[in-house]
Amino acid sequence: FCLSRGLGDVYKRQPLRTCLMDRRSFIKLSSITGASVAIATGLAGCVSTKKPQDSASFTHGIASGDPLHNSVILWTRALPDKNAANANILWEVSTSKDFSTLVASDIAQAQQSRDYTVKVDVSGLKPATRYYYRFKSANSMSEVGTTLTLPKENVSQVTFGVFSCSNYPAGFFTPYADAATQQNIDFVLHLGDYIYEYDGEGYATEHAKELGRTFAKDNDTELYTLEDYRKRYALYRTDQGLLDLHRAKPFIVVWDDHEITNDTYKDGAENHQEDEGDFYARRAAAVQAYYEWLPIRPTFGESRLEIYRQFTFGDLVDLYMLDTRVLARDKQLAYSDFRDPDAPDSEAFDLPGFTKAISAPERGLLGEAQRTWLNTAMNDSKAKWQVLGQQLLIGRMMFPASIFNGVPFEKIPAHVHALANSKRRKLAGETISAQEEKLLAAAMPYNLDAWDGYPVEREQLLTAVQQLNKPVIALAGDTHNAWHNTLTLQDGTAVATELATSSVSSPGMEHYLKMDADTASTMAEDLPVLIDDLAYCNLHQRGYLTVSFTEKQAVATWRYVDTIKSTSASAVNSHEVVIEG
């Protein structure tokens, strides 16, 4: 078994047979995504005298995203009255909350072909400036949103709020609500799993009915079609915490797997079977819905799957949003593929075969094009801090191999605790038994879906990071738990820091190992003893991460909420780490 989301994604199926992308599938992908690329444009200094003529309701809030030093994407959804195919609405941008002085405004069209979502790319704005925006129809007006352009020079500080893994049936998005009130957060980074594609009876649905977080009958199945994905986004965008955060802060987003389907890779996914239709058509539908519903500026080129991009915060931070999931990932390995259930225990695992497979030089996550782009951009960067915004843990998460050999889930925490105490005694200079030495010496990656399953490309990435001679921080989500790692080369050389956020609502390791808070806290103290590169983890609380950068240091703060079972949540505790520049 796997202790991460696969302790984390228990709602699993058999892997899909890998298939190649033929010309028919490529054409299908191109035609489906083509409908979503239209974005209205606006220019600061241009204020329209036009009035909105069509009646429409702003049903799913407002949002802004992909800020640059002179532009930002504005988003809303405008549903026309009387089921009209289109509605012309007015957007406005101002430097004052009462809109007494307009910076820009114009008419944009909500079209049925884009699920009535509206995206406007407003340019000509001033750097490091807070703007207010809203939308109007003939009979309605949206709430007022706040956004912020990137600083261009003389940047003394910038703070990110980092989020991942929001699952609607699991509970209310109270970490979003908490962050919306935090004035120190300048920009929100969402590292993926903004939605989940599962049906309403499996993963993380135990409390959905009592919380009123069930799916509508027409969206209660697994997501396959464009309409399916659109309806799921629409439901997520009724959560008040998410609405509040979108209204208060500009988002910089990237997808993970659940925006498409569990454990997606370039040719398929664990959660896509041959009887579920064409994988490429499903992926194209998911990608189109993502671009429609998120305030993201699409990257144009040969394939709209190229979502990686760079954001520059003056000479202080360069942020690189990466795709380790959809564009170029080779299929994940699984320990089960290397086990012979009929062999004796000592021969059950094909270690030579596994070692050969995991060490294959061609296996990767980023792909050559993205990796080359990243290396070039980091080398050319004039910023003090280099920050990787991506989905997966890069750190070497080597768990005791003994837990993979039949230890029942509920006994894993006690087993880990015993091994950690053996290690503590050894570090204190005591003599431990030969059996304890053997158990401590044997370790295996706990999650082959993460960078641990792609060690060759990880070494390439970290070698490039070492050669930069610049401070690098890698951000991660995906696991539903919080982690702080030192990133090291195979020879143990430390080259960077990794900060991973907990989930917004998706259950973490406490759920899969059936741990209460005290047991989870104990295990969180034990794991850094056993895992050399791990400095901190939290295995049972939902929340988010903030990272504040100055010239001299980066301060990371994990902030946790007391509940996701009620909208009345508050922050209960936090953990802070200072990284010197």
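Residues numbered from 1 in each chain as written. Predicted model: local features only at pLDDT ≥ 70, side-chain atom pairs only at ≥ 80, totals over all residues. Heavy atoms only, no water.

Bringing the overall build of the chain into the picture now. Secondary structure assignment for the chain yields 14 helices and 25 strands. Scaling as 2.2 N^0.38, a compact globule of 581 residues should have a C-alpha radius of gyration of about 25 Å, and the chain matches this with 24 Å. Reported as C-alpha extents along the three principal axes, the dimensions of the chain are approximately 80 × 55 × 45 Å. A buried classification covers 60% of the 581 residues belonging to the chain. Long-range pairs, those at least 24 residues apart, make up 74% of the contacts in the chain with a sequence separation of at least 6. Carbon and sulfur atoms make up 49% of the accessible area of the chain, which totals about 22400 Å². Taken as two groups, the 57 positive and 75 negative side-chain charges of the chain have centres that lie 5 Å from each other. (Helix = DSSP H or I, 4+ residues; strand = E, 2+ residues; numbered from the N terminus. Rg over C-alpha atoms; globule rule 2.2 N^0.38 Å. Buried < 20%, exposed > 50% of the residue type's maximum accessible area, 1.4 Å probe, protein only. Contact = heavy atoms within 4.5 Å. Areas by Shrake-Rupley, 256 points an atom, 1.4 Å probe, with all protein chains shown as cover. Lys, Arg positive; Asp, Glu negative; His and termini not counted. Charge placed at Lys NZ, Arg CZ, Asp CG, Glu CD.)

Under the criterion given, the structure shown has 29 salt bridges. With a shortest N-O distance of 2.7 Å, Arg134 and Glu92 are connected by a salt bridge. Note that Arg134 is positioned in strand E7 (residues 130–136) and Glu92 in strand E4 (residues 86–94), a separation of 42 residues in sequence. Among the ionic contacts, a cluster of salt bridges with common partners joins Asp256, Asp263, Arg325, Arg329, Asp449 and Asp478. (Salt bridge = Lys/Arg side-chain N within 4 Å of Asp/Glu carboxyl O.)

Among the nonpolar cores identified, the biggest contains 82 residues, and Phe160, Phe313, Leu475 and Phe549 are the most heavily contacted of them. Residue contributions to this core peak at 9 residues, all from helix H7 (residues 279–293). When near neighbours in sequence (up to four residues on either side) are disregarded, Leu475 contacts Val162, Leu189, Leu191, Val387, Leu388, Gly389, Gln390, Leu499, Leu545 and Val547. (Core = buried A, V, L, I, M, F, W, Y, C linked by side-chain atoms within 4.5 Å.)

The subject of this paragraph is the packing of aromatic side chains. Tallied over the entire structure, the rule returns 33 aromatic pairs. Ring centres of Tyr198 and Tyr203 lie 5.4 Å apart, and the angle between their planes is 70 degrees; on these two criteria the pair is classed as edge-to-face. Classification of Tyr198 by relative accessible area gives buried; the value is 2%. Note on Tyr446 and Trp483: the rings are 6.1 Å apart at their centroids and 55 degrees apart in plane angle, and the pair reads as tilted. (Phe/Tyr/Trp six-rings, centres within 6.5 Å; stacked < 30°, edge-to-face > 60°.)

Here strand E19 (residues 472–476) lies mainly inside the structure; 5 of its 5 residues are buried. Covered by surrounding structure in E19 are Val472, Ala474 and Ala476 together with Ile473 and Leu475, the residues of both alternating faces. Pairing of strand E16 (residues 385–389) with E19 involves 4 bridges; the strand directions are parallel. Within E19, the position partnered with Leu388 by the bridge is Ala474. Across 4 bridges, the pairing between E19 and strand E21 (residues 494–500) is parallel. Following the sheet pairing, Leu475 is matched in E21 by Leu499. (Pairing = 2+ DSSP bridges.)

On to the sheet that holds strand E15 (residues 317–321), then. Note on sheets: strands pair through backbone hydrogen bonds, and any given pair is parallel or antiparallel. If you trace the 7 strands from one edge of the open sheet to the other, you get E14-E15-E16-E19-E21-E20-E22, paired in mixed fashion. The open sheet has two free edges, formed respectively by strand E14 (309–313) and strand E22 (534–538), since each of these has just one partner strand. Adjacent strand axes in the sheet meet at a mean angle of 20 degrees when their direction is disregarded. Packed on one face of the sheet, helix H9 (residues 368–380) meets E14, E15 and E16 and runs near 175 degrees to E15. Against the sheet, helix H12 (residues 455–468) touches E16, E19, strand E20 (482–488) and E21, its axis set at about 115 degrees to E21. (Axes fitted to C-alpha atoms, helices over the stretch in contact; angles between N-to-C directions.)

Attention now moves to the sheet that holds E4. Strand order in this open sheet of 4 strands is E5-E4-E7-E8, and the pairing throughout is antiparallel. Bordering the open sheet on either side are strand E5 (102–111) and strand E8 (145–148), each of which pairs with just one other strand. Each strand of the sheet is rotated relative to its neighbour by a mean of 30 degrees, with strand direction disregarded. Judged from the 4 bridges that link them, E7 and E8 form a sheet pairing that is antiparallel. Looking across to E8, one finds that Tyr133 is bridged to Gly145.

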